[in-house]
Amino acid sequence: MRNTLQKVTTAGNSRNGSTPKTIKGKRGKVKIDVPRDRKSEFEPQFIRKGQTRFDGLDEKIISLYSRGLSTREIQAHLREIYTVEVSPDLISSVTDAVLDEVRSWQTRPLDSLYPILYLDAIFIKVKEQGRIINKAFYLAIGVNTEGKKEALGMWTSQSEGAKFWLSIITELKNRGVQDVFIACVDGLKGFPEAIEAVFPQTQVQLCMVHLLRSSLQYVSYKDRKEVVADLKLIYTAATELEAEVALSEFEKKYSSRYAMISKSWRANWSRIVPMFSYPEEIRRAIYTTNAIESLNMTLRKVIKTRASFPSDEAAFKLLYLALQNISKKWTMPIKNWSAAMNQFAIIFEGRVPMNGINSFTQSF
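What counts and how
- Residues numbered from 1 in each chain as written.
- Predicted model: local features only at pLDDT ≥ 70, side-chain atom pairs only at ≥ 80, totals over all residues.
- Heavy atoms only, no water.
- Salt bridge = Lys/Arg side-chain N within 4 Å of Asp/Glu carboxyl O.
- Buried < 20%, exposed > 50% of the residue type's maximum accessible area, 1.4 Å probe, protein only.
- Helix = DSSP H or I, 4+ residues; strand = E, 2+ residues; numbered from the N terminus.
- Pairing = 2+ DSSP bridges.
- Axes fitted to C-alpha atoms, helices over the stretch in contact; angles between N-to-C directions.
- Contact = heavy atoms within 4.5 Å.

Peer 1: How do you make sense of the pattern of salt bridges when you look at a structure like this?
Peer 2: Oppositely charged side chains are able to pair whenever their charged atoms sit close together. For the structure on display, the rule yields 16 salt bridges. Two residues, K148 and E146, come together in a salt bridge whose shortest N-O distance is 4.0 Å. Look at E146 and you get partly exposed, because its relative accessible area is 40%. One salt bridge connects R266 with E244, and the closest N-O pair in it is separated by 2.4 Å. Of the two residues, R266 is situated in helix α10 (residues 259-267) and E244 in helix α9 (residues 240-254); the sequence distance between them amounts to 22 residues. Look at E244 and you get partly exposed, because its relative accessible area is 26%. Counted as one network, the salt bridges with shared partners bring together E128, K135 and D312.

Encoded structure:
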């Protein structure tokens, strides 16, 4: 919908230049050119005659920014579609206002129970003290008692470390989280101990996606498909004993080529096997519906057009807005969640509050 003059076919009437106009938005003024015709019959549709405010501009800028468009791309888009010239300062002013939302979102109260908690970090290039460095942006995704995913928070640090994760988990507890049944994490040393220090009853489960990705670092491209298929036999085994047998077979088959893989799985075995004690519904929620990996993939698509960010705040703005877009799709619970929640109530007896029980029994 353009604020431009349609071609006039009536004899004697034609385009006759434009008239400058200043429109007030929520956070500044925007100058536009309104097309003119000789008989003054043109009626602008997007910004009408006499209109002095354009309150929808901020929302459009934020929407474009959240999808990864740069300041220049937003300028070009508004100029092309709406014939509106927007300054870089105005775009920065509009998007900076999002930081207040981020602070409010980051300190909001949380539910007392999240049956499943996914914890991970994504690395982004940020300019700091005149040089570009890789910074870790930490993400926590909880699955609530209704089986719906929820972004709990986002933090940043120079690198991913267990000590910083401890501060994050402590913050989650201070915001109201009293219990977590299963925490899915990567293989970072000290990570499980950091979780158990705050939530001693939580079962820490190593993320299969992280372990597979780490394992494939040692594998040549031509062997990857076969190796992945053989590793799948391990983590999809029906029992711990069956998984142990599959791992032994893997060791025999690849001992000469990829001994480091089986060595890594053996070293992390105590954090892999807990899922074999759970029924299929819970296991699928842990390793098939990997919320954090899916989220990270989407975030990387949003930030891939940025070589780097000028500051932590700039990265936070974009990641937060992207998270809000992604979370709009989290309207449905995890598949077969009612069955999983029933199993949780049995396995973690006495730890499911009554309101949590009611929320999933009503879905039958």
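Right, picking up where we left off after that structure.
Peer 1: It is not clear to me how the sheet that holds strand β8 (residues 203-206) should be interpreted in this structure. Could you clarify?
Peer 2: Either a parallel or an antiparallel arrangement is found when strands of a sheet pair, and the pairing is made through backbone hydrogen bonds. Taken in spatial order, the 5 strands line up as β6-β5-β4-β7-β8 in an open sheet, and their pairing is mixed. The open sheet has two edge strands, β6 (149-157) and β8, and neither has a second partner. Mean inter-strand twist for the sheet, computed between neighbouring axes without regard to direction, equals 25 degrees. Direction of pairing for strand β7 (residues 179-185) relative to β8: parallel, over a ladder of 4 bridges. The residue bridging I182 from the neighbouring strand is Q203, located in β8. With respect to the sheet, helix α15 (residues 337-347) is in contact with β4 (113-128), β5 (131-143) and β7, its orientation differing from that of β4 by roughly 110 degrees.

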